[in-house]
Amino acid sequence: MTNPEWLERAARRSRSETWMLGHVFERYRELEGRTQEELAKELGCTPDVLHWLSLCRRPEGQDFDEQASAIAKRFAVDLVSLVQVLRHVEVMETLSRQVGNGDTLEEQPMQSAARDRTRDSENNS
Amino acid sequence: MSFPTQEEELALHERVLKRDPVAPTDVFQVFMDPILSALGRKEGREREDAYDSIIDVLFSYLANPERYLSQKGRLSTYLTQAAKKRLLDRYRSTEARQRREQEFGDAFELGARSPNDALEISVEARRAVVRLEQSALGEGDRALLGLVLQGERSTLVMAEAIGLASLPEDDRRREVKRHRDRLMKWLARLGKEDSDDES
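Just so it is clear, the structure is predicted and the values come from calculations on it, not from any experiment. (Residues numbered from 1 in each chain as written. Chains lettered and ligands numbered in written order. Predicted model: local features only at pLDDT ≥ 70, side-chain atom pairs only at ≥ 80, totals over all residues. Heavy atoms only, no water.)

Student: Explain the overall build of chain B to me, and be specific about the residues and the numbers.
Tutor: Looking only at helices and strands, chain B features 8 helices and 0 strands. When the elements of chain B are put in sequence order from the N terminus, they spell out α-α-α-α-α-α-α-α. Among the 199 residues that make up chain B, the fraction classed as buried is 32%. At a minimum sequence separation of 6, the contacts of chain B that also span at least 24 residues come to 58%. Total accessible area computed for chain B in this model is approximately 12900 Å², and 50% of it derives from carbon and sulfur atoms. (Helix = DSSP H or I, 4+ residues; strand = E, 2+ residues; numbered from the N terminus. Buried < 20%, exposed > 50% of the residue type's maximum accessible area, 1.4 Å probe, protein only. Contact = heavy atoms within 4.5 Å. Areas by Shrake-Rupley, 256 points an atom, 1.4 Å probe, with all protein chains shown as cover.)

Right, here's the structure in full:
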């Protein structure tokens, strides 16, 4: 895949759209203190492919597995690593929303579901 | 670089509507360069502005694809027109900002003094204050002088400072003017003595 001159610019812009994968990657890098290169390595791709991935819609809802698989297949990245990154950010965002709302930090269904899903993905790989 | 066929555009639009996770990358790949060409040859800063405008428009479309009505025209036309408008807005906004900055710069330049001038004024003011403190001016005169130097124009306020507020209005006005004129003459003499001392 050739890399046009606008790719990095568009990928950077995707960080400000919460429904884009670029936003998820940015949050993950902030939370885990990863560089672009480190995250690319974790997903098993190059930094350029990471830019293309950033322009994908963030998987969500009932079709999460199917959407994540489609992304991983299209860009030949490691599905388990991609799901782990997505779920990690999802859990942290849910937690920060709960803390912001003054809720307790007791385990919520979303978190346990996220952990179960990640375990399932790991076992299946 | 040319736009896809109408059928290809519609198929892509359908995928966007279905929230296909990889459709956005295809939208960028398919539309970025043809729209840039439609905006005209751009170099340097203009090219960057054009890219940013197209990127804004594509994200806006991807966030709300339902706003595009296929029966009203082609998707490529819809996106190109939106990008042209966005670019124009960007130019206007840049021009307005530059104009505001220029106006502010002009106003600041007119109001600002050179560092030498500012230092000279500061030294003169300090010297004048010392002379005033050493002078034999009474308390009332000092209060009146303070008010005059601050730009006070009310006769009553100045009369109160020198204890003449109870006088009838005509007398009060006349007395305040007399005191004020006397003080101004005194100040002028003080200034002249200062300049004589320096020469």
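Back to the text.
Student: Talk me through the overall build of chain A; I want residue IDs and the actual numbers.
Tutor: For chain A, the count of helices and strands is 7 helices and 0 strands. Ordered by position from N to C terminus, the α and β elements of chain A give α-α-α-α-α-α-α. For chain A, the residues scored as buried account for 44% of the 125 residues in total. Long-range contacts, defined as pairs at least 24 residues apart, comprise 59% of the intrachain contacts of chain A with a sequence gap of at least 6. In the structure as shown, chain A presents an accessible area of about 6800 Å², 45% of it carried by carbon and sulfur atoms.

Student: Please provide a residue-by-residue account of unusual backbone geometry, values included.
Tutor: Positive phi is not limited to glycine here, since A76 of chain A has a value of about 55 degrees. The backbone of R19 of chain B shows a phi angle near 60 degrees, a positive value even though the residue is not glycine. A relative accessible area of 29% places R19 of chain B in the partly exposed class.

Student: Explain the pattern of salt bridges to me, using residue names and the numbers behind them.
Tutor: Inspection of the entire model under this criterion finds 27 salt bridges over all chains. R13 of chain A is paired through a salt bridge with D56 of chain B; the nearest N and O atoms lie 3.0 Å apart. You can see R13 of chain A sitting in helix α1 (residues 7-14) and its partner D56 of chain B sitting in helix α3 (residues 44-63), one on each of two chains. Residue R13 of chain A is classed as partly exposed on the basis of its relative accessible area of 24%. Taking the shortest distance from any N to any O, the salt bridge between R74 of chain B and E9 of chain B comes out at 2.7 Å. Highlighted residues: R74 of chain B in the loop between α3 and α4 (75-111) and E9 of chain B in helix α1 (residues 6-17), separated in sequence by 65 residues. Classification of R74 of chain B by relative accessible area gives partly exposed; the value is 29%. For E9 of chain B, a relative accessible area of 2% corresponds to the buried category. Put simply, R13 and E17 of chain A together with D56, R86 and R90 of chain B are held in one network by salt bridges that share partners. (Salt bridge = Lys/Arg side-chain N within 4 Å of Asp/Glu carboxyl O.)

None of the figures reported here should be taken as evidence of function without further support.
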